[in-house]
Each structure stands twice: as structure tokens, then as C-alpha cells.
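# Chains, contacts and geometry: an overview
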Amino acid sequence: MVDAITPPVLSTAEVPAELMVELVIDGRPVSVPAGTTVWDAARTLGVEIPVLCHDPRYRPVGVCRMCVVDVGGRVLAAACVRPCEANMKVTTQSPAIEGHRAMLTALLLADQPPTPQQERPTGNLLHALAGRYGLEIHGRADAPGPLGLPRGEGRPADDSSPVIGVDHQSCILCDRCVRACDEVQSNEVMTRSGKGYTTKIAFDLDLPMGSSSCVSCGECMDACPTDALVNKPLAAQLRPAAQLKQVETLCPYCGVGCSVTAHVDEAANKVAWIDGRDSRVSDRRLCVKGRYGFDYASHAQRLSVPLIRKDSSYPKGPLSAAVRQKKGRRPGGLVDDREVLPHFREASWDEALALVARRLAEIRDTRGPRALAGFGSAKCSNEEAYLFQKLVRVGFGTNNVDHCTRLCHASSVAALMETIGSGAVSTTFRDVENSDVALLAGTNATSNHPVAATFFKQAAKRGTKLLVIDPHRPALADHAHLYVRIKPGTDVAFFNGVMHEIIRRGLVDEGFIRDRTEGFAALQATVAHYSPEIAARICGVEPAQIVEVAVTWGQAKAAICFWGMGISQHTHGTDNARCLISLVLMTGQIGRPGTGLHPLRGQNNVQGASDAGLIPMVLPDYQSVKDAKVRARFEAVWGRPIDPAPGLTVVEIVHAALRGDVRGMYILGENPFVSDPNTGKVRKALAALDFLAVQDIFLTETAEFADVILPASSFFEKTGTYTNTDRRVQIGRPVLRMPGEARLDWQITCEIGRRMGAPGFEFASVDQVFDEFAGLTDSYAGLTYEHLGREGKLWPCPDPEHSDGTIVLFDHEFPSGRGKLVPAEFAPAAELPNDEYPMVLTTGRLLEHWHTGTMTRRSVALDAIEGEPHVDMHPDDMRRLELGEEDWVTVTSRRGTITLKARSSRSPGRGAVFIPFCWREAAANVLTIDELDPFGKIPEFKFCAVRVERASVEDMGASSLGAAE
């Protein structure tokens with residue numbers, strides 16, 4: 001195992017003497033590596049030279065001249081760009097230097113507006129310098145500026161962005177925002193326009209910020225040293241920054257697990273703003289969701305008291321959709337409390353918990369344990385996931401427990417477990433910094449894992465060749481060495497063609513195949529039938545593209561493979577993943593820095609929830625329920641026998657409910673009515689249950705079918721550990737107080753367990769839950785809350801006292817012993833287009849919204865940026881159907897119809913459409929098929945046959961959920 005992804009930075013003592021430069025700064029000798037700037041050399045002595053345009057994260061440009069020092073030359077030199085020279089004598093402080101800085105500060109202040117837009121989260125560096133030099137910061141617009149200088153005015157403001165205010169008058173043209181956008185986020189939206197005094201920062205071709213290609217990540221705002229770029233307030237005016245509490249925690253959205261600092265108004269119990277913080281994961285970077293999507297936790301619709309369905313509100317059904325249909329109104333984006341709450345009555349916690357425990361126990365005792373099932377959540381912590389699956393196994397007596405990994409990477413895990421014996425990533429996403437080739441298959445990382453995507457884009461700029469393979473053209477294709485648009489559902493044929501060419505050209509790693517793998521002969525025999533010419537005809541590409549991918553990958557010294565749900569969410573998703581794993585193994589691209597297998601995890605704790613055993617066929621740490629020795633280990637701790645039969649998966653549970661085999665369910669933080677395929681079946685299954693308990697923070701579409709609703713805690717209200725896509729275990733810390741009578745999720749689950757008579761639910765604190773979980777695993781063994789600290793640890797971590805954990809896995813062996821090369825034959829999708837349904841639908845996520853939109857659609861900023869449903873269509877298809885931009889259309893499959901607006905986009909190929917599945921009022925999963933991959937049991941989200949037609953007036957008022965009823 002390898003504990004570092006990059007060669008360590010050489011200390012001064014390790015740099016050869018001939019590469020060192022000796023100089024004197026403020027009378028103190030210092031020796032630094034050649035090429036070090038004066039500014040950096042001064043910092044090694046603890047000497048801080050003031051700057052405005054410079055930040056160590058960005059390329060130094062020396063435009064502000066605030067950092068000038070005396071190096072003995074004719075003029076003062078900008079320390080941030082001046083390299084050190086042998087025997088140089090540097091003076092950083094003198095009356096002349098300070099006079100220069102004071103005058104420069106005064107000149108810049110003279111152009112500042114009388115009042116700022118608002119208080120900056122990161123402070124105003126220009127104002128700090130004004131304080132240093134005793135200069136007036138703000139004065140009357142009609143009065144002279146500092147030192148009697150005339151005041152400037154007339155530069156415009158730009159209020160077009162929903163999240164960032166732009167005041168060009170406050171801009172000092174330091175270009176930090178431009179470099180932040182270009183060099184950190186690699187979005188390249190910002191530049192300069194104009195001449196002379198009218199020069200200003202511009203967005204794209206001098207568009208308003210809100211109309212440009214800006215993705216609202218806030219990196220420019222974070223970089224700005226003045227009040228030119230500021231966060232717009234997302235709540236009523238809160239306390240000044242000095243009175244806010246800072247809490248270090250995590251982003252609650254995707255699997256990247258970015259580190260954040262929340263600035264909290266404790267009196268108002270609201271987050272004022274969020275900053276990224278330094279960490280090995282995200283390096284202060286955030287996306288629009290992480291920076292601006294926090295206010296959902298304070299939404300007025302938060303559940304705050306237990307609810308029990310009224311006797312008059314049976315039989316069950318989608319209450320808000322039904323009411324709106326009757327009133328002839330199109331359903332909006334959220335479940336309407338006013339329509340749903342009248343069907344429930346408030347209850348005490350004692351009554352609600354007693355009812356849940358009694359009804360679930362009755363079903364268990366009368367219909368058998370397997371008549372019960374539970375859906376956990378990848379949004380919940382490791383501790384909550386561990387307790388939930390323990391309750392189902394110990395309290396319910398069944399393994400019918402699953403969560404949304406079944407809907408995203410179940411096929412990837414199945415293939416990884418089969419081939420190498422581990423379902424985890426073999427290295428971190430930032431290991432791409434050490435790769436000369438990176439393959440990205442079926443992943444739209446700029447939308448789904450935006451911060452990880454910034455590191456991919458930076459790697460491309462440094463020379464890493466990105467090979468992007470996807471039917472749906474992602475934004476990363478703009479940074480690719482080669483982008484290949486294959487036909488939807490032809491991944492196996494394409495990668496078999498690539499492997500055929502690698503073998504034909506002798507680019508395999510024969511030593512690695514001989515020493516560490518098995519099954520190569522069978523793989524070779526299979527791919528022999530997939531020449532580039534044959535594979536190209538299946539995939540709809542040029543043979544030369546297959547050859548170029550094969551040669552580029554095969555000749556790489558260090559190559560890494562990333563993939564997303566475009567690979568996994570298919571009825572042949574396991575075969576897709578098998579092909580990628582074989583490609584990596586046959587070329588020996590694993591076990592070294594810059595190499596490996598990395599299926600990018602979706603939600604913030606998909607990895608951790610899976611590690612914690614929220615899967616029907618394995619216990620925590622992927623230990624099989626079929627293994628008697630494994631069961632005995634858990635039974636000794638849990639005090640109850642464990643069912644040796646694997647349980648049902650998400651979609652199988654829905655089918656079992658329709659058959660009457662599953663009669664009761666406990667759903668924690670999941671919304672299957674919107675997230676699961678074939679919504680019509682899900683609705684019937686939920687309505688058919690004898691009893692349903694839902695534990696959540698909002699009234700979701702699923703909660704409309706509940707018998708009891710339990711108000712839970714949001715991410716920002718609890719302590720718990722979360723494991724990101726890299727295997728990094730991090731602590732999320734409480735930021736806010738829970739509303740009303742809401743309770744912590746782990747405590748609710750424990751109370752239900754106790755009331756059902758299950759042993760082992762007596763925990764005094766959440767870290768005790770973690771200790772029990774970690775003690776039953778090898779991966780988390782030895783980790784404690786004390787070890788995790790500010791940045792967490794990667795598992796495995798053999799020495800948690802002194803090590804950050806293991807970055808690169810499988811350097812010498814695989815958990816399975818030898819890696820298995822498993823061949824796969826191309827097979828068509830379960831449902832193909834025909835004359836009646838001629839187009840292919842793919843579903844997915846948006847940058848601004850997450851999963852079913854339960855959280856993000858209750859965020860003011862995110863809803864303002866992207867607030868209504870749409871279907872992306874290729875412009876050629878729109879012309880063929882005589883559709884214009886924003887025209888209303890109906891999209892129909894064999895299962896239902898939805899109505900939404902059409903948008904022109906070249907991301908889908910011709911004959912394909914893309915619909916985000918976050919829109920309740922145009923629910924994409926009304927259309928999708930619930931056919932399953934036979935190995936990973938994952939449903940087909942990326943391929944079903946549809947037709948698109950111009951919508952009628954009647955269609956435009958219809959409910960998609962109603963269409964599924």
C-alpha cells in the first residue's frame with residue numbers, strides 16, 4: 001500500500017547545495033531553492049509583505065505593486081514575482097517603501113464607492129491596509145478622497161447573478177478573480193474589457209454575470225480582496241461577521257466531501273454564509289451547492305413534530321398531487337404542506353414511536369420477518385446507517401435493507417467485489433495529479449462532482465491526457481485529449497474494441513498479467529471478436545477513435561480510470577464495469593501513484609453507508625451474510641441471530657410490496673417515489689403497504705404515503721462521520737439547533753429498536769456507535785473520533801496516531817488474491833427504440849440540484865438559478881420536430897407521460913434526450929424502466945425508449961405524478 005500520491009516536497013536540507021540561493025532579508029540570512037520568489041522567501045523568516053493581487057494559490061502577476069521591496073536596484077521590485085538571487089540584500093520595510101504603499105493605498109481608496117455592497121466574508125484587504133496607514137476608508141461622494149485625492153466614480157454595478165453582487169467601482173483590477181476562475185476552477189469565464197478608467201472585469205464577451213457561462217461557484221468572490229464581488233445575502237440581515245460563530249464541518253451534497261466553515265448567527269439559528277476551508281480533499285474549493293445551498297435547513301417547511309395519519313385519510317395516495325389535479329392546477333416544485341398536513345394529526349413522540357414499534361412488530365410476528373423492509377439513506381452518517389441496518393437485522397429479523405447505492409453504483413461494487421475483492425476506490429481522485437492519462441467514462445463530473453472536476457481540468461492543463469467516453473457530452477470534453485461519443489448502451493462493445501487493439505499491439509503488461517491476474521485467456525478470446533472496425537459499427541464511432549484510445553491508454557506510464565453512473569446505471573452495468581476493470585488490470589495500471597480504479601460516488605455518504613452494511617447481502621465492511629463465521633462475529637456483539645439469506649434490493653422490495661410479500665416499511669431519509677424507476681409501480685407499492693413509517697426533515701412525496709412521519713435532523717444539526725468517494729472518513733459537526741421537537745436520527749432509530757425489544761441499542765453518544773461499527777470491521781479498525789480531527793483519515797489507516805491513511809491500495813496484492821479478468825459480451829438494452837418510441841431517454845443530475853431536489857429546491861439561490869423542469873434535446877432533433885427554445889413538450893414512454901420545456905443542447909446526441917430527475921412536477925422516473933442488472937440489481941436509468949411531441953394546452957396543466965397514477 002502506498003501512503004503518498006506525490007513525491008514529498010523537498011525541505012531546504014534535502015535540496016542539493018548547488019540548487020540553493022543564499023540572500024539576506026531585513027538583515028537576516030536565508031537560504032532557499034533557486035526560483036523562490038522574494039515574497040515566499042520572506043515568509044520562511046516570518047516576514048509578511050503586504051499584497052493585494054497575490055495569493056499563494058494563484059500564479060503571481062505583480063500588478064498591484066503593494067508588495068514592492070528594495071533589492072538594491074534602480075526601482076523597487078514586486079516581491080511576489082521577483083526571484084531570489086545569490087547574495088541579494090532585501091529590505092522589506094523602510095520609510096520610502098511604506099510611503100509608496102501608503103500612497104498606493106490612498107490612490108486605490110479614492111476610487112472606492114462611499115459605502116460597500118455589504119460586509120465581506122473574507123474581509124477587505126484594502127480596508128485593512130487603510131487602517132495600517134491611517135487612511136479614511138469611506139467618505140462623502142462629493143468630498144475629496146484620502147490625502148485630498150479626487151474621487152473616481154461612474155463604474156457600473158451588476159446585480160444579475162442570483163448569488164454574487166458585482167460592483168465594478170470597488171474593483172482594483174488585481175485580476176485575482178480572473179486567476180481564481182481560470183487556474184483553480186478552470187471555468188475561464190472572466191477577463192478584462194474596456195480601456196483606461198473604463199477598464200473592468202468582464203464575463204464571457206462582456207455579458208452580465210447572470211447571463212454568462214458562470215457556474216456560480218463563488219471562487220471569484222472568495223478571491224476578491226475588496227468589495228467588488230460579494231455574496232448576496234440569502235436570509236434577512238444577520239449579525240455582523242465579528243458576532244458570528246465559525247463551525248468547521250462538511251458539505252452535505254456529493255461524494256467529494258468538501259471541507260467548509262459555516263458562519264452562524266446563533267441568535268437567529270441560521271447560517272449566514274459558508275466558506276471552503278483548507279483540506280486534503282477540496283483545498284478551499286466549493287461549487288454552487290456547497291457555497292450557496294445551505295439554507296434548506298432553515299426552510300419554513302421543516303418537519304418539527306411527529307405526525308400520524310388520520311383515519312379519514314385512507315386509502316393512501318399522493319395527497320398533494322391529487323388535490324392539485326382536482327383543482328386543475330399544475331403541481332409546483334415542492335410538496336405543499338397546506339395540502340398534505342390536513343391528512344395528519346400532530347402526536348407526541350411517545351405515541352408516535354409506540355405506534356411505529358407496535359405496528360412493525362405485529363407484522364414481523366404475524367407475517368414473518370421478511371414481510372418487513374427498510375430503506376436507509378446515503379445522506380445520513382455512518383453511525384445512522386450502521387444503526388439502521390442493525391435495527392432491520394436485529395429488530396426486524398431480516399436482511400431486507402438497502403439504500404440508494406442500489407440506484408447508482410451497485411453494479412460497480414458487484415464487479416469490483418468479483419474481480420479484486422473490494423468495492424472501494426483504489427486511490428483518491430486527486431491522484432490524477434500523478435497520471436499522464438485519465439479515462440473518464442460515463443461521468444458528468446462538472447455537474448455531479450464539481451470540485452473533483454476542477455482537479456481533472458487542472459491535470460489536463462499540466463499535460464494529463466483526458467480520454468472522455470460518453471454518449472452524453474459532458475463539459476469535461478472541452479478539456480479532453482479525445483472525446484468519443486458512443487451510442488447509448490454500447491459501452492461493452494467499445495471497451496472490448498479498445499482491449500482488442502491493446503492486445504493486438506502488444507501493449508498489455510505481461511508481467512502483471514502473469515503475476516497478479518487470472519482469466520486473461522478467456523478475456524482475450526472474447527475481445528478477439530471485437531476489432532475496432534466491428535466495435536465501431538456497434539458504437540457509431542470511427543475505428544480510428546477506438547485505436548487512439550487504445551494506444552493512448554496502452555502507452556501510458558501511469559493511467560487512472562474514473563467512471564460514473566453512465567457506466568453503472570444499466571441492465572448491463574456490471575458488464576460495463578467488468579470491462580473497465582479488465583482494461584486497468586491487463587495494462588497493470590493499479591497499485592501505483594497515478595493509477596487505479598475510481599467509481600465516483602454520488603451522494604455524500606454512499607461509500608460510508610455501504611461500508612456500514614446498508615446493503616441486503618452483506619454486513620458492515622462487505623462481509624457476506626451467508627458466511628457462518630461472519631454472522632457469529634456479529635451475533636456475539638448484537639445478541640441476536642442473523643438471517644443467513646440475503647435480503648431484497650430497492651426495486652425488489654417495491655415488487656415484493658406489490659405482490660403482498662412485504663407488508664411494512666421504515667424509510668429513513670429516502671424518497672423512492674421520485675428517485676426509483678417506474679414511478680407508477682412505486683406509487684402502487686407504497687399505497688399497498690399495511691404500514692409505512694417515514695423519518696425525514698421535509699414532507700416528501702414518499703411521506704404522503706406514510707402512516708407515521710417522524711421529524712428528523714438535517715446534516716447541519718448533528719455530529720456524525722461521513723466517508724467520501726476517496727474513502728476519507730470525516731466528521732460533520734452541528735451548526736444549527738433542530739427545529740421544534742425534531743430529534744437526532746440515530747436516537748430515533750435506537751428508540752424504535754428498544755421498543756421492538758431488540759438488544760444493543762443503548763448508546764450514550766454517537767461516537768460510541770462509531771466505535772462499535774469500527775470494531776466490527778477491518779477497514780475502519782483503530783479509527784476513533786479523536787483520530788479523525790479536522791481533516792479525517794483515509795481507510796485503511798494502520799497507524800491512525802501518525803498517518804493520514806492509505807491512499808493507493810493494492811500495490812502488492814488484491815483482497816481476492818489474484819485479480820480476475822472477467823469477459824463480457826455486448827448485449828442490447830432491455831428496451832430499444834421503435835417507430836412509436838423513436839428516441840432514447842437518459843436521466844441524471846444538474847449542477848444546481850441534488851437527487852430528488854428535497855434539499856436543493858428549498859434553497860433560495862439554487863432554485864433561483866435553475867427553477868423549472870426541462871428536457872435537453874439536440875438542435876437537429878428540435879428542428880426536425882419544429883420545436884423552439886422553451887417550447888412545451890410531452891415526453892412519453894411505455895409507462896407514462898410528463899410535460900416540460902425543451903432546451904436546445906448539444907450534450908445529448910441526435911436521437912437522445914436528457915431529463916434531470918429532480919423535478920417532481922415532471923418526474924423523469926415516470927418514464928424509466930425497472931428492469932434490473934442481473935448481478936448488481938441496479939435498474940436501468942440511462943436507457944429507455946420515448947417519443948417527444950409538442951404539448952397541448954391540456955398537457956401543460958397536467959401532473960406528471962398524476963400521469964403515473
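Residues numbered from 1 in each chain as written. Predicted model: local features only at pLDDT ≥ 70, side-chain atom pairs only at ≥ 80, totals over all residues. Heavy atoms only, no water.

### Here we look at the overall build of the protein
Under the convention used in this document: Runs of E in the DSSP output that reach at least two residues are strands. Runs of H or I that reach at least four are helices, and both are numbered from the N terminus. Relative accessibility under 20% of the residue-type maximum defines a buried residue, over 50% an exposed one, and the middle range a partly exposed one, all with a 1.4 Å probe and only protein chains included. Throughout, a residue-residue contact means that at least one pair of heavy atoms, one from each residue, lies within 4.5 Å. The method behind every accessible area is Shrake-Rupley, applied with a 1.4 Å probe, and residues are considered shielded solely by the protein chains displayed. Positive residues here are Lys and Arg, negative ones are Asp and Glu, while His and the chain termini are left out of the count. Note on charges: their place is set at NZ of Lys, CZ of Arg, CG of Asp or CD of Glu.
If you tally the helices and strands in the protein, you get 32 helices and 38 strands. With respect to the three principal axes, the spread of C-alpha positions in the protein is 90 × 65 × 65 Å. Taking all 965 residues of the protein together, 64% fall into the buried category. Look at the contacts in the protein between residues 6 or more apart in sequence, and 74% of them connect residues 24 or more apart. Per element, the accessible surface of the protein, about 33300 Å² overall, is 52% carbon and sulfur. Side chains of the protein give 104 positive and 118 negative charges; the mean places of these two sets differ by 1 Å.

### Quick notes on the side chain of glutamine 569
Positionally, glutamine 569 belongs in the loop between helix 19 (565-568) and helix 20 (573-586). The class of glutamine 569 is buried, set by a relative accessible area of 7%. Those residues within four positions of glutamine 569 in sequence are excluded, and the remaining contacts are Leu407, Cys408, Ile938, Pro939, Glu940, Phe941 and Lys942.

### What about the sheet that holds strand 35 (residues 888-892)?
Convention followed: When DSSP finds two or more bridges between a pair of strands, those strands are recorded as paired. Only C-alpha atoms enter the line fits that serve as axes; for helices the fit covers just the stretch in contact. Angles between N-to-C directions range over 0 to 180 degrees.
Read around the closed barrel, 6 strands run 33-37-34-36-35-38, paired in mixed fashion. Across the sheet, the mean angle from the axis of one strand to that of its neighbour is 45 degrees, orientation sign disregarded.

### With respect to the pairing of strand 22 (residues 559-563)
Counting buried positions over the 5 residues of strand 22 gives 5, a clear majority of the element. Judged by which residues are buried, strand 22 turns out to be covered on both faces: Ala559, Cys561 and Trp563 on one side and Ile560 and Phe562 on the other are all buried. Alignment of strand 18 (residues 437-441) against strand 22, held across 5 bridges, turns out to be parallel. Among the inter-strand pairings, valine 437 is bridged to a residue of strand 22, identified as alanine 559. Note: strand 22 against strand 23 (residues 596-599), 4 bridges, orientation parallel. Each bridged residue has a counterpart across the sheet, and for cysteine 561 the counterpart in strand 23 is leucine 597.

### Quick word on helix 2 (residues 95-110)
This is how it is decided: Expected span of a helix: the number of residues minus one, times 1.5 Å.
Helix length check: helix 2 (16 residues) gives 22 Å between terminal C-alpha atoms against 22 Å at 1.5 Å per residue, within 8%. Taken together, the buried positions of helix 2 are Ile97, Glu98, Arg101, Ala102, Leu104, Thr105, Ala106, Leu108, Leu109 and Ala110. Contacts from the buried residues of helix 2 go to strand 3 (68-69) and helix 3 (125-132).

### Some points on the layout of surface pockets
Using the following cut-off: A 1.4 Å probe that fits but cannot get out identifies a cavity on a 1 Å grid over protein atoms alone, an open set with protein on both sides within 12 Å along at least five of seven lines counts as a pocket, and a residue lines either if it has an atom within 4 Å of a point. Grid points are joined across faces, edges and corners, and a volume is the space filled by probe spheres set on the points. Residues are sorted three ways: Asp, Glu, Lys and Arg are charged, Ala, Val, Leu, Ile, Met, Phe, Trp, Tyr, Cys and Pro are nonpolar, and all the rest, Gly among them, are polar.
Looking at the largest pocket, its volume works out to about 1200 Å³. Taken together, 42 residues make up the lining of the largest pocket; nearest its centre are Val215, Ser447, Ala475, Leu847 and Glu848. For the lining of the largest pocket, the secondary structure elements donating two or more residues are helix 12 (445-448), helix 13 (450-462), strand 34 (870-873) and strand 36 (897-904). Split by residue class, the lining of the largest pocket holds 15 nonpolar, 18 polar and 9 charged. Taken together, 19 residues make up the lining of the second largest pocket; nearest its centre are Gly421, Ser422, Ser779, Trp795 and Pro815. Residues belonging to the lining of the second largest pocket are distributed by class as follows: 9 nonpolar, 6 polar and 4 charged.

### Concerning the confidence of the model for the protein
The condition that has to hold: Known as pLDDT, the predictor's per-residue confidence is scaled from 0 to 100.
Predicted confidence across the protein gives a mean pLDDT of 91, with 94% of residues reaching 70 or more. A low-confidence stretch, residues 1-12 (pLDDT under 50), is modelled with 31 contacts involving residues beyond four sequence positions or located in other chains. Ignoring residues within four places in sequence, the model shows residues 322-330, a span with pLDDT below 50, making 21 contacts including any to other chains.

### Some thoughts on the pattern of salt bridges
Side chains that differ in sign of charge can pair as their charged atoms come close. Let me state the cut-off plainly: What makes a salt bridge here is a side-chain nitrogen of Lys or Arg within 4 Å of a carboxyl oxygen of Asp or Glu, nothing more.
Here the structure, examined in full by the defined rule, presents 62 salt bridges. Among the salt bridges present, the one from aspartate 877 reaches arginine 880, with a minimum N-O distance of 3.3 Å. Of this pair, aspartate 877 and arginine 880 both sit in helix 30 (residues 875-880), 3 residues apart, roughly one helical turn. A cluster of three or more residues bridged by salt bridges with shared partners is formed by Asp55, Arg57, Arg176, Glu219, Asp222 and Arg284.

### Considering empty space enclosed by the protein
In this structure the tally under the stated criterion is 9 cavities of 30 Å³ or more. Volume-wise, the largest cavity comes out at about 480 Å³. Along the wall of the largest cavity there are 33 residues; nearest its centre are Gly566, Thr842, Thr843, Gly844 and Lys942. Counting residues per element, the ones that place at least two in the lining of the largest cavity are helix 19, strand 33 (839-844) and strand 37 (912-916). Broken down by class, the residue content of the lining of the largest cavity amounts to 12 nonpolar, 17 polar and 4 charged. The calculated volume of the second largest cavity comes to roughly 360 Å³. In this structure, the second largest cavity is lined by 26 residues; those nearest its centre are Ser377, Lys379, Gly669, Asp696 and Met855. Residues of the lining of the second largest cavity, tallied by class, amount to 9 nonpolar, 12 polar and 5 charged.

### Focus on the sheet that holds strand 30 (residues 728-732)
One open sheet accounts for 3 strands, arranged 29-30-31; its pairing is antiparallel. In the strand order of this sheet, the two ends are held by strand 29 (720-723) and strand 31 (793-794), each with one partner. Both strand 29 and strand 30 contribute to a ladder of 4 bridges, which runs antiparallel. Looking at strand 30, one finds that glycine 720 is bridged to glycine 732.

### Points about the packing of aromatic side chains
For clarity, the threshold we go by: By convention, a stacked pair of Phe, Tyr or Trp rings (six-membered ring in the case of Trp) has centres within 6.5 Å and planes under 30 degrees apart, an edge-to-face pair has planes over 60 apart, and any other such pair is tilted.
Tallied over the full model, the rule gives 19 aromatic pairs. With centroids separated by 5.0 Å and ring planes inclined at 55 degrees, the aromatic side chains of phenylalanine 388 and tyrosine 666 adopt a geometry described as tilted. Note that phenylalanine 388 is positioned in helix 10 (residues 382-396) and tyrosine 666 in strand 26 (residues 664-668), a separation of 278 residues in sequence. No difference in accessibility class separates phenylalanine 388 from tyrosine 666, as the two residues are buried. A ring pair is formed by phenylalanine 715 and tyrosine 722, whose centres lie 4.9 Å apart and whose planes are at 50 degrees; its orientation type is tilted.

### As for unusual backbone geometry
Looking along the chain, the bond that leaves tyrosine 314 and enters proline 315 is cis, with omega of -5 degrees. Among the secondary structure elements, proline 315 is positioned in the loop between strand 14 (307-309) and helix 7 (319-326). The linkage connecting tryptophan 795 with the following residue, proline 796, adopts the cis geometry, with an omega of -5 degrees. The topology assignment puts proline 796 in the loop between strand 31 and strand 32 (819-820). For leucine 173, which is not glycine, the phi torsion reads 55 degrees and is therefore positive. Tracing the chain through its elements places leucine 173 in the loop between strand 7 (164-167) and helix 4 (176-184).

### Structural notes on the nonpolar core
Where we set the bar: The set of buried Ala, Val, Leu, Ile, Met, Phe, Trp, Tyr and Cys residues whose side-chain atoms join them within 4.5 Å is what this entry labels a nonpolar core.
Core analysis: the largest hydrophobic core is formed by 71 residues, its most contacted members being Met190, Leu229, Tyr296, Phe456, Phe562 and Phe716. What phenylalanine 562 contacts, discounting residues up to four positions off in sequence, is Phe429, Val432, Ala438, Leu439, Leu440, Ala441, Phe456, His598 and Leu600. The next biggest cluster of nonpolar side chains, apart from the first, holds 62 residues, and it includes Leu387, Val401, Trp746 and Leu783.

### Focus: the environment of histidine 127
Note on placement: histidine 127 falls in helix 3. Judged by its relative accessible area of 16%, histidine 127 falls in the buried class. Between the C-alpha atom of histidine 127 and that of leucine 109, which follows or precedes it by 18 residues, the distance is 8.3 Å.

### Quick look at the packing of helix 14 (residues 491-504) against helix 16 (residues 520-527)
Just so we agree on the cut-off: Angle categories: roughly parallel below 35 degrees, roughly antiparallel above 145, roughly perpendicular from 65 to 115, and oblique for all the rest.
At a minimum axis distance of 9 Å, the contact between helix 14 and helix 16 shows a crossing angle of 110 degrees. As judged from the angle between their axes, helix 14 and helix 16 are roughly perpendicular. Judged by residue contacts, Asn496, Met499, His500 and Ile503 of helix 14 engage Phe520, Leu523, Gln524, Thr526 and Val527 from helix 16. Class assignment for the residues of the contact of helix 14 with helix 16 results in 5 nonpolar, 4 polar and no charged.

### Things to note about the environment of leucine 360
Residue placement: leucine 360 occurs in helix 9 (residues 349-367). Sequence separation of leucine 360 and methionine 756 is 396 residues, and the distance between their C-alpha atoms is 8.1 Å. For leucine 360, the residues in contact, after removing those within four places along its chain, are Leu372, Phe396, Met665, Tyr666, Phe691 and Met756.

### Overview of the side chain of asparagine 496
Mapping asparagine 496 onto the fold places it in helix 14. Not counting chain neighbours up to four residues away, the residues in contact with asparagine 496 comprise Thr526, Val527, Tyr530, Cys579 and Ala824.

### A few points about the environment of threonine 843
The line we're drawing: Under the rule applied, a polar contact is a pair of N or O atoms within 3.5 Å (in protein, one hydrogen donor and one hydrogen acceptor; residues adjacent in sequence only if both atoms are side-chain atoms).
Position of threonine 843 among the secondary structure elements: in strand 33. Relative accessible area serves as the criterion here: at 3%, threonine 843 is assigned to the buried category. Polar side-chain contacts of threonine 843 include one of 3.2 Å to the backbone oxygen of phenylalanine 941.

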